[in-house]
Amino acid sequence: MKNTFFIDHESDAIRAFVANIDFSEAQTDVEKAVRLYYAVRDGFRYNPHNISLQPKDFRASIQVQRAEGHCIDKATILAAAARAIGVPSRLGFANVTNHIGTEKIEKVLGINVLVFHGFTELYLGGRWVKATPAFNAALCEKLDVEPLEFNGKEDSVFQQFSRTGNRFMEYLHNYGSFDDLPFDQMIGEWKKYYPKLFTYNIKQLVIRD
(Lines give C-alpha, C1' and ligand atoms only; values in the text may rest on other atoms or scores of the structure.)
Protein backbone atom coordinates (compact mmCIF):
# COMPACT_ATOMS: atom_id res chain seq x y z
CA MET A 1 0.00 0.00 0.00
CA LYS A 2 1.16 3.53 -0.68
CA ASN A 3 2.79 5.81 1.83
CA THR A 4 0.22 8.35 3.09
CA PHE A 5 0.45 11.55 5.10
CA PHE A 6 -0.59 9.94 8.39
CA ILE A 7 0.36 6.31 7.80
CA ASP A 8 3.86 7.17 6.63
CA HIS A 9 5.32 3.69 6.80
CA GLU A 10 8.32 4.56 4.62
CA SER A 11 9.61 7.02 7.23
CA ASP A 12 12.87 6.36 9.08
CA ALA A 13 11.07 6.35 12.43
CA ILE A 14 8.66 3.57 11.46
CA ARG A 15 11.41 1.54 9.79
CA ALA A 16 13.49 1.83 12.97
CA PHE A 17 10.56 0.74 15.14
CA VAL A 18 9.95 -2.34 13.01
CA ALA A 19 13.67 -3.16 12.89
CA ASN A 20 13.71 -3.45 16.69
CA ILE A 21 10.98 -6.10 16.80
CA ASP A 22 12.10 -9.72 17.07
CA PHE A 23 10.68 -11.62 14.10
CA SER A 24 13.19 -14.48 14.40
CA GLU A 25 10.47 -17.05 15.13
CA ALA A 26 7.81 -15.46 12.92
CA GLN A 27 7.58 -17.07 9.50
CA THR A 28 4.18 -15.97 8.19
CA ASP A 29 2.50 -12.59 7.85
CA VAL A 30 0.06 -13.61 10.57
CA GLU A 31 2.87 -14.40 13.01
CA LYS A 32 4.63 -11.13 12.18
CA ALA A 33 1.42 -9.13 12.57
CA VAL A 34 0.83 -10.66 16.00
CA ARG A 35 4.28 -9.54 17.13
CA LEU A 36 3.60 -6.04 15.83
CA TYR A 37 0.31 -5.93 17.71
CA TYR A 38 1.87 -6.71 21.08
CA ALA A 39 4.77 -4.35 20.44
CA VAL A 40 2.29 -1.53 19.98
CA ARG A 41 -0.22 -2.59 22.63
CA ASP A 42 2.31 -2.83 25.45
CA GLY A 43 5.11 -0.69 24.08
CA PHE A 44 3.10 2.52 24.37
CA ARG A 45 1.13 3.42 27.48
CA TYR A 46 -2.48 4.34 26.77
CA ASN A 47 -3.10 8.01 27.56
CA PRO A 48 -6.33 9.65 26.34
CA HIS A 49 -5.68 12.84 28.30
CA ASN A 50 -3.34 14.61 25.89
CA ILE A 51 -4.76 15.02 22.38
CA SER A 52 -3.30 17.30 19.74
CA LEU A 53 -5.60 19.00 17.27
CA GLN A 54 -2.82 19.54 14.73
CA PRO A 55 -2.59 17.19 11.72
CA LYS A 56 1.19 16.72 11.91
CA ASP A 57 0.96 15.26 15.39
CA PHE A 58 -1.17 12.38 14.12
CA ARG A 59 1.52 11.07 11.77
CA ALA A 60 2.74 7.60 12.69
CA SER A 61 6.36 8.72 12.41
CA ILE A 62 5.74 11.35 15.11
CA GLN A 63 3.64 9.16 17.38
CA VAL A 64 6.09 6.27 17.37
CA GLN A 65 8.73 8.48 18.98
CA ARG A 66 6.60 8.92 22.11
CA ALA A 67 6.16 6.61 25.07
CA GLU A 68 2.37 6.87 25.15
CA GLY A 69 -0.65 7.66 23.03
CA HIS A 70 -4.41 7.37 22.70
CA CYS A 71 -6.31 4.85 20.60
CA ILE A 72 -5.90 6.71 17.28
CA ASP A 73 -2.17 7.15 17.85
CA LYS A 74 -1.63 3.47 18.56
CA ALA A 75 -3.87 2.29 15.73
CA THR A 76 -1.95 4.47 13.28
CA ILE A 77 1.41 3.17 14.51
CA LEU A 78 0.22 -0.41 14.06
CA ALA A 79 -1.12 0.34 10.58
CA ALA A 80 2.18 1.92 9.54
CA ALA A 81 4.28 -0.86 11.02
CA ALA A 82 2.18 -3.45 9.22
CA ARG A 83 2.63 -1.74 5.87
CA ALA A 84 6.36 -1.51 6.55
CA ILE A 85 6.55 -5.33 6.59
CA GLY A 86 4.26 -5.72 3.59
CA VAL A 87 0.96 -6.40 5.34
CA PRO A 88 -1.91 -4.28 3.95
CA SER A 89 -3.58 -2.18 6.62
CA ARG A 90 -6.24 0.45 7.13
CA LEU A 91 -7.90 2.32 9.98
CA GLY A 92 -11.37 1.85 11.42
CA PHE A 93 -13.32 4.22 13.64
CA ALA A 94 -16.33 3.91 15.90
CA ASN A 95 -18.15 5.69 18.69
CA VAL A 96 -18.05 3.77 21.96
CA THR A 97 -19.07 4.16 25.56
CA ASN A 98 -16.51 3.20 28.18
CA HIS A 99 -18.25 2.49 31.48
CA ILE A 100 -15.09 2.20 33.59
CA GLY A 101 -12.52 4.81 34.56
CA THR A 102 -13.66 7.71 32.37
CA GLU A 103 -15.02 10.17 34.94
CA LYS A 104 -12.25 12.70 34.30
CA ILE A 105 -12.74 12.68 30.53
CA GLU A 106 -16.53 12.82 30.79
CA LYS A 107 -16.30 15.87 33.06
CA VAL A 108 -14.34 17.75 30.40
CA LEU A 109 -16.17 16.47 27.33
CA GLY A 110 -19.64 16.70 28.82
CA ILE A 111 -20.65 13.31 27.40
CA ASN A 112 -19.81 9.66 28.05
CA VAL A 113 -19.34 8.80 24.36
CA LEU A 114 -15.80 8.43 23.04
CA VAL A 115 -16.11 9.71 19.49
CA PHE A 116 -13.91 8.38 16.68
CA HIS A 117 -12.30 5.61 18.70
CA GLY A 118 -9.60 4.20 16.45
CA PHE A 119 -8.50 0.64 15.69
CA THR A 120 -6.52 -1.09 12.96
CA GLU A 121 -7.61 -3.53 10.27
CA LEU A 122 -4.99 -5.89 8.83
CA TYR A 123 -5.36 -7.98 5.69
CA LEU A 124 -4.36 -11.47 6.79
CA GLY A 125 -5.32 -14.87 5.46
CA GLY A 126 -7.39 -13.40 2.67
CA ARG A 127 -9.59 -11.15 4.81
CA TRP A 128 -9.56 -8.02 6.93
CA VAL A 129 -9.04 -8.64 10.65
CA LYS A 130 -9.64 -5.99 13.32
CA ALA A 131 -6.92 -5.31 15.89
CA THR A 132 -7.35 -2.93 18.84
CA PRO A 133 -3.98 -2.16 20.49
CA ALA A 134 -5.23 0.78 22.59
CA PHE A 135 -5.18 -0.56 26.17
CA ASN A 136 -1.81 -1.83 27.39
CA ALA A 137 -1.81 -4.86 29.68
CA ALA A 138 -0.92 -2.88 32.82
CA LEU A 139 -3.91 -0.58 32.33
CA CYS A 140 -6.25 -3.54 31.78
CA GLU A 141 -5.08 -5.04 35.05
CA LYS A 142 -5.85 -1.76 36.80
CA LEU A 143 -9.34 -1.66 35.25
CA ASP A 144 -9.94 -5.35 36.08
CA VAL A 145 -10.54 -6.39 32.47
CA GLU A 146 -8.71 -8.99 30.44
CA PRO A 147 -6.18 -7.50 28.02
CA LEU A 148 -7.24 -7.82 24.40
CA GLU A 149 -5.33 -10.60 22.73
CA PHE A 150 -4.75 -10.93 18.98
CA ASN A 151 -4.02 -14.08 16.99
CA GLY A 152 -4.15 -12.61 13.51
CA LYS A 153 -7.16 -14.75 12.58
CA GLU A 154 -10.03 -13.33 14.64
CA ASP A 155 -11.20 -9.78 15.30
CA SER A 156 -9.79 -8.24 18.47
CA VAL A 157 -12.31 -5.65 19.70
CA PHE A 158 -13.16 -4.23 23.10
CA GLN A 159 -14.94 -6.60 25.44
CA GLN A 160 -18.42 -5.78 26.72
CA PHE A 161 -17.81 -6.69 30.35
CA SER A 162 -15.08 -6.61 32.99
CA ARG A 163 -13.87 -9.68 34.86
CA THR A 164 -16.50 -9.09 37.53
CA GLY A 165 -19.34 -8.79 35.04
CA ASN A 166 -19.65 -5.01 35.05
CA ARG A 167 -20.38 -3.41 31.69
CA PHE A 168 -17.15 -2.16 30.13
CA MET A 169 -17.41 -1.17 26.45
CA GLU A 170 -20.31 -0.69 24.08
CA TYR A 171 -20.00 0.11 20.36
CA LEU A 172 -22.57 2.67 19.24
CA HIS A 173 -21.66 3.67 15.69
CA ASN A 174 -19.23 2.47 13.02
CA TYR A 175 -17.71 5.06 10.67
CA GLY A 176 -16.17 2.48 8.35
CA SER A 177 -12.65 1.81 7.11
CA PHE A 178 -10.09 4.25 5.71
CA ASP A 179 -6.74 3.97 3.92
CA ASP A 180 -5.55 7.02 5.87
CA LEU A 181 -6.73 8.98 8.88
CA PRO A 182 -9.78 11.09 7.80
CA PHE A 183 -8.61 14.04 9.84
CA ASP A 184 -11.22 16.57 8.72
CA GLN A 185 -14.07 14.14 9.33
CA MET A 186 -12.68 13.31 12.77
CA ILE A 187 -12.45 16.97 13.76
CA GLY A 188 -15.95 17.56 12.39
CA GLU A 189 -17.35 14.78 14.57
CA TRP A 190 -15.50 16.08 17.61
CA LYS A 191 -16.94 19.54 17.02
CA LYS A 192 -20.43 18.05 16.82
CA TYR A 193 -20.15 15.94 19.96
CA TYR A 194 -17.71 18.08 21.97
CA PRO A 195 -18.60 21.67 21.02
CA LYS A 196 -17.17 23.26 24.14
CA LEU A 197 -13.69 22.06 23.24
CA PHE A 198 -13.79 24.38 20.25
CA THR A 199 -15.09 27.47 22.01
CA TYR A 200 -11.53 28.72 21.95
CA ASN A 201 -8.89 28.32 19.26
CA ILE A 202 -6.99 25.61 21.09
CA LYS A 203 -4.29 23.50 19.48
CA GLN A 204 -4.14 20.73 22.04
CA LEU A 205 -6.52 19.20 24.53
CA VAL A 206 -4.91 18.36 27.86
CA ILE A 207 -7.17 16.85 30.51
CA ARG A 208 -5.63 17.27 33.95
CA ASP A 209 -6.55 15.95 37.37
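Quick summary incoming for the structure in this document. (Residues numbered from 1 in each chain as written. Predicted model: local features only at pLDDT ≥ 70, side-chain atom pairs only at ≥ 80, totals over all residues. Heavy atoms only, no water.)

Turning our eyes to something else, we now look at the packing of aromatic side chains. On inspection of all chains with the given rule, the structure shows 11 aromatic pairs. Note on Phe 58 and Phe 183: the rings are 5.6 Å apart at their centroids and 70 degrees apart in plane angle, and the pair reads as edge-to-face. A residue pair is termed long-range when its members are at least 10 positions apart, and Phe 58 in the loop between strand E2 (50-52) and helix H3 (60-63) and Phe 183 in helix H7 (residues 183-193) qualify at 125 residues. A single burial state applies to Phe 58 and to Phe 183, both of which are buried. Taking 5.2 Å as the distance between ring centres and 65 degrees as the angle between the ring planes, the aromatic pair formed by Tyr 123 and Trp 128 counts as edge-to-face. (Phe/Tyr/Trp six-rings, centres within 6.5 Å; stacked < 30°, edge-to-face > 60°. Helix = DSSP H or I, 4+ residues; strand = E, 2+ residues; numbered from the N terminus. Buried < 20%, exposed > 50% of the residue type's maximum accessible area, 1.4 Å probe, protein only.)

The next subject is the nonpolar core. In terms of nonpolar packing, the biggest core is built from 63 residues, with Phe 17, Phe 58, Leu 181, Met 186 and Trp 190 touching the most fellow members. Sorting elements by how many residues they give to this core places helix H4 (residues 71-84) first, with 9 residues. Not counting the four nearest positions on each side in its chain, Phe 58 is found in contact with Phe 6, Ile 51, Ser 52, Gln 63, His 70, Ile 72, Asp 73, Thr 76, Leu 181, Phe 183, Met 186 and Trp 190. (Core = buried A, V, L, I, M, F, W, Y, C linked by side-chain atoms within 4.5 Å. Contact = heavy atoms within 4.5 Å.)

What follows deals with the pairing of strand E5 (residues 113-124). Counted residue by residue, E5 has 11 buried out of 12 residues, so it is predominantly covered. Here strand E4 (residues 89-98) runs beside E5; their pairing, made up of 8 bridges, is antiparallel. When the bridges of E5 are listed, Ser 89 appears paired with Leu 122. Pairing of E5 with strand E6 (residues 127-131), which is carried by 5 bridges, proceeds in the antiparallel orientation. In the strand pairing of E6, Leu 124 is matched with Arg 127. Between E5 and E6, which pair antiparallel and follow one another directly, the connecting turn spans 2 residues, one of which, Gly 125, has a positive phi of 60 degrees. (Pairing = 2+ DSSP bridges.)

Look at Phe 116: it is not a glycine, yet its phi comes out positive at around 65 degrees. When you line up the elements, Phe 116 lands in strand E5.

What follows deals with the pattern of salt bridges. Close approach of charged atoms allows side chains with opposite charge to pair. With the rule as written, the count across this model stands at 9 salt bridges. Close ionic contact of Arg 41 with Glu 149 constitutes a salt bridge, the shortest N to O distance being 3.5 Å. Of this pair, Arg 41 sits in helix H2 (residues 29-43) while Glu 149 sits in the loop between helix H6 (137-143) and strand E7 (169-178), and the two are 108 residues apart along the sequence. The exposure class assigned to Glu 149 is partly exposed, which follows from its relative accessible area of 47%. The residue Lys 192 makes a salt bridge to Glu 189 at a minimum N-O spacing of 3.3 Å. (Salt bridge = Lys/Arg side-chain N within 4 Å of Asp/Glu carboxyl O.)

Moving on, we get to the environment of Gly 43. On the secondary structure map, Gly 43 appears in helix H2. In this structure Gly 43 comes out as partly exposed when scored by relative accessible area, which is 47%. Between the alpha carbons of Gly 43 and Asn 136 there is a distance of 7.8 Å; along the sequence they are 93 residues apart. Excluding anything up to four places from it in sequence, Gly 43 contacts Tyr 38 and Ala 67.

This is a description of form; function is not addressed.
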